[in-house]
Amino acid sequence: MNIEQTDAFRARVAKHAALADPARLRIVDLLTLGDLSPTELQSELGMPSNLLSHHLRTLEDAGLATRHRSEADKRRSYFRLAPGALDGLTPGREHGARRVLFVCTRNSARSQLAAALWRQASDIPSASAGTHPAERIAQGAIDVARRYGLELAGVTPRQLDQVAREEDLVVTVCDNAHEELPGLRGIHWSVPDPLRLNTEEAFENAFTDISHRINDLAPRLHAV
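So, here is what we can say about the structure in this document. Computed from a prediction, not measured in an experiment: that's the story for all the values here. (Residues numbered from 1 in each chain as written. Predicted model: local features only at pLDDT ≥ 70, side-chain atom pairs only at ≥ 80, totals over all residues. Heavy atoms only, no water.)

### A look at the overall build of the protein chain
Summing up its helical and strand segments, the protein chain has nine helices and eight strands in all. Here the C-alpha atoms of the protein chain give a radius of gyration of 24 Å, more than 25% beyond the 17 Å that 2.2 N^0.38 yields for 224 residues. Counting only C-alpha atoms, the protein chain reaches 75 × 40 × 30 Å along its principal axes. Counting the 224 residues in the protein chain, one finds 40% classified as buried. When contacts within the protein chain are restricted to residue pairs at least 6 apart in sequence, those whose partners lie at least 24 apart make up 66%. Summing over all exposed atoms, the protein chain offers an accessible surface of approximately 13,100 Å²; the carbon and sulfur share of this is 48%. Averaging the coordinates of the 27 positive side-chain charges in the protein chain and doing the same for the 30 negative ones gives two points 4 Å apart. (Helix = DSSP H or I, 4+ residues; strand = E, 2+ residues; numbered from the N terminus. Rg over C-alpha atoms; globule rule 2.2 N^0.38 Å. Buried < 20%, exposed > 50% of the residue type's maximum accessible area, 1.4 Å probe, protein only. Contact = heavy atoms within 4.5 Å. Areas by Shrake-Rupley, 256 points an atom, 1.4 Å probe, with all protein chains shown as cover. Lys, Arg positive; Asp, Glu negative; His and termini not counted. Charge placed at Lys NZ, Arg CZ, Asp CG, Glu CD.)

Laid out in structure tokens, this is it:
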């Protein structure tokens, strides 16, 4: 971890610590709507001025709020959310990637759906592969993809060794592949195999699970 990452992490810790107090969290909630003076905040929160001052200083020190003088009454100040105050507060590690490789056992459903969904969510290239690829894409995967405007019918399952690159960020989307490749560094998503039940509902559930995970991951990756 380099110095910049360490500083950014410490800044996030300070923000979370500041927001752990109910009164300060309420102040930030109010500031998301607009700027408020200490008098207005005191009236809203019903707390002594010295305690409010303590909370406001803590929010300033954590980089969550800033104050500026009123252009009308120079004795009055207003508090506002600092620019980017809430950026990075969602837990998660940012990661650089040249390509995202989704892997499952047969490369006939989950990994294919993941790669197709990824192409909608990110400009970072994606691919998929299987540890023991099937001959063709599962019909249930083709059907659920088509219902959401994705086309898998012309795609062929591929062997992991033929697709993987050293620089890939690997995401295993099935437990079998993850446990078969214990030394493979990357991310694991434990998505139940829809082919076990082979029903429309099972494929819908897998599609929804993968879609949610991709929408969470995509903003945390940057191209390198």
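Back to the write-up after that little detour.
### Quick look at the pattern of salt bridges
Here the structure, examined in full by the defined rule, presents nine salt bridges. Among the ionic pairs, Asp193 bridges to Arg110, the shortest N-O distance being 3.8 Å. Of this pair, Asp193 sits in the loop between β7 (186-188) and α9 (200-217) while Arg110 sits in helix α5 (residues 110-121), and the two are 83 residues apart along the sequence. Its salt-bridge partner being Arg146, residue Glu151 comes within 3.1 Å of it at the nearest N-O pair. With relative accessibility at 45%, the residue Arg146 sits in the partly exposed group. (Salt bridge = Lys/Arg side-chain N within 4 Å of Asp/Glu carboxyl O.)

### A few points about the state of the cysteines
Applying the stated rule across the entire model yields zero disulfides. Here Cys104 stays unpaired: no disulfide links it, and the sulfur of Cys174, its closest cysteine neighbor, is 5.4 Å away. (Disulfide = S-S within 2.5 Å.)

### Some words on the environment of Arg26
As for its placement among the helices and strands, Arg26 is situated in helix α2 (residues 22-31). Arg26 gets classed as partly exposed once you look at its relative accessible area, which sits at 35%. Spatially, the C-alpha atom of Arg26 lies 35 Å from that of Trp189, the residues being 163 residues apart in sequence. Contact partners of Arg26, with chain neighbours within four places excluded, come to Glu44 and Leu45.

### A closer look at α9
Over its 18 residues, α9 runs 26 Å from end to end, which matches the ideal 26 Å to within 8%, given 1.5 Å per residue. Turning to α9, its buried residues number three or more, namely Ala202, Phe203, Glu204, Ala206, Phe207, Ile210, Ser211, Ile214 and Leu217. Along its buried surface, α9 packs onto β4 (100-104), α5, α6 (139-147), β7 and β8 (221-223). (Expected span 1.5 Å × (residues − 1).)

### Brief notes about the environment of Arg106
Within the fold, Arg106 resides in the loop between β4 and α5. With 108 residues separating them in the primary sequence, Arg106 and Ile214 have C-alpha atoms 20 Å apart. The contacts of Arg106, once residues within four sequence positions are left out, are His132, Pro133, Ala134 and Pro157.

### Some details on the sheet that holds strand β5 (residues 126-130)
The strand order across the open sheet formed by four strands is β5-β4-β6-β7, and the pairing between neighbours is parallel. On the outer flanks of this sheet lie β5 and β7, each paired with one strand and no other. Across this sheet, the average inter-strand angle for adjacent strands is 20 degrees, counted without regard to direction. Of the strand pairs in this sheet, strand β6 (residues 169-172) and β7 are connected by three bridges, and their pairing is parallel. Pairing of Val171 across the sheet is with Ile187, part of β7. (Pairing = 2+ DSSP bridges. Axes fitted to C-alpha atoms, helices over the stretch in contact; angles between N-to-C directions.)

That is the geometry; function is a separate question.
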